[in-house]
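As a plain string of letters, each chain reads:
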Amino acid sequence: MDAFYAKKRIVIPNGLDVPAKKCGGKKGKNENKRILFVAGLRRTKGVLDLIETAQKLKEMKLDFIMDVVGLWQESETEKLFHAELSKYNLKDNILIHGKLLGQDKWDLYNSATLFFFPSYYESENFPLVLIEAMAFGLPIVCLLYTSPSPRDRQKSRMPSSA
């Protein structure tokens, strides 16, 4: 039985390297609000929810830009997203940056007003992007539940097709 017990234990924390210099200043009231979304671009990560959210913000006559970072993972979702982007005239409000790494990614976190993460991805656990957003002191808007169970979807009003 002693063969299964470690003689020495080492804890390696889930670390995150972000730039030491971050802009913590508040944005001016008249500046565009920057909403950041970073994920693999697929339906269950909530990428289509960006369109609906942007429509509502536009109806409220708010000045905003949604910065979308990530690679498309589903061609049908990409086609639908771009069709709705055009249909609702949101091309000036939603900017798709593709995959960003290093300083380019940190610059977007730094310029963001809010981090938006409407994921209901089947295997979502504790995404690194949420840790990154917290490291930059961003308020985070996300779903209450990410479980695919019908009971939890009803609690969070998650789409039943998720």
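Before reading further, recall that the structure is shown in the block above.
Just so it is clear, the structure is predicted and the values come from calculations on it, not from any experiment. (Residues numbered from 1 in each chain as written. Predicted model: local features only at pLDDT ≥ 70, side-chain atom pairs only at ≥ 80, totals over all residues. Heavy atoms only, no water.)

Another aspect to go through is the packing of helix α3 (residues 102–111) against helix α4 (residues 128–135). Two packed helices can be described by the angle between their axes and the distance between those axes. Interhelical geometry of α3 versus α4 gives an angle of 60 degrees and a closest axis separation of 10 Å. As far as their axial angle goes, α4 and α3 are oblique. The hand of the α3/α4 crossing is right-handed. Facing Lys105, Trp106 and Tyr109 of α3, the residues of α4 in contact are Val129, Glu132 and Ala133. Class assignment for the residues of the contact of α3 with α4 results in four nonpolar, no polar and two charged. (Axes fitted to C-alpha atoms, helices over the stretch in contact; angles between N-to-C directions. Helix = DSSP H or I, 4+ residues; strand = E, 2+ residues; numbered from the N terminus. Parallel < 35°, antiparallel > 145°, perpendicular 65-115°, else oblique. Left-handed = near helix turned anticlockwise from the far one by under 90°. Contact = heavy atoms within 4.5 Å. Nonpolar A, V, L, I, M, F, W, Y, C, P; charged D, E, K, R; others polar.)

Time to look at the side chain of Thr44. Considering the arrangement of structural elements, one finds Thr44 in the loop between β1 (33–38) and α1 (47–59). In this structure Thr44 touches Ser119, Tyr120, Tyr121 and Glu122, once residues within four positions along its chain are discounted.

Turning next to the packing of α1 against helix α2 (residues 75–87). Here α1 crosses α2 at 10 degrees, and the two axes come no closer than 9 Å. With respect to their mutual orientation, α1 and α2 come out roughly parallel. Contacts from Val47, Leu48, Leu50 and Ile51 of α1 reach α2 at Thr77, Leu80, Phe81, Glu84 and Leu85. Residues of the contact of α1 with α2, tallied by class, amount to seven nonpolar, one polar and one charged.

Bringing a nonpolar patch on the surface into the picture now. Residues Phe126, Met134 and Ile140 make up a contiguous nonpolar surface patch of roughly 290 Å² in combined accessible area. With respect to the secondary-structure elements, Ile140 resides in strand β5 (residues 140–142). (Patch = residues over 30% accessible without salt bridge, like charges linked within 9 Å, V, L, I, M, F, W, Y side chains within 5 Å. Areas by Shrake-Rupley, 256 points an atom, 1.4 Å probe, with all protein chains shown as cover. Salt bridge = Lys/Arg side-chain N within 4 Å of Asp/Glu carboxyl O.)

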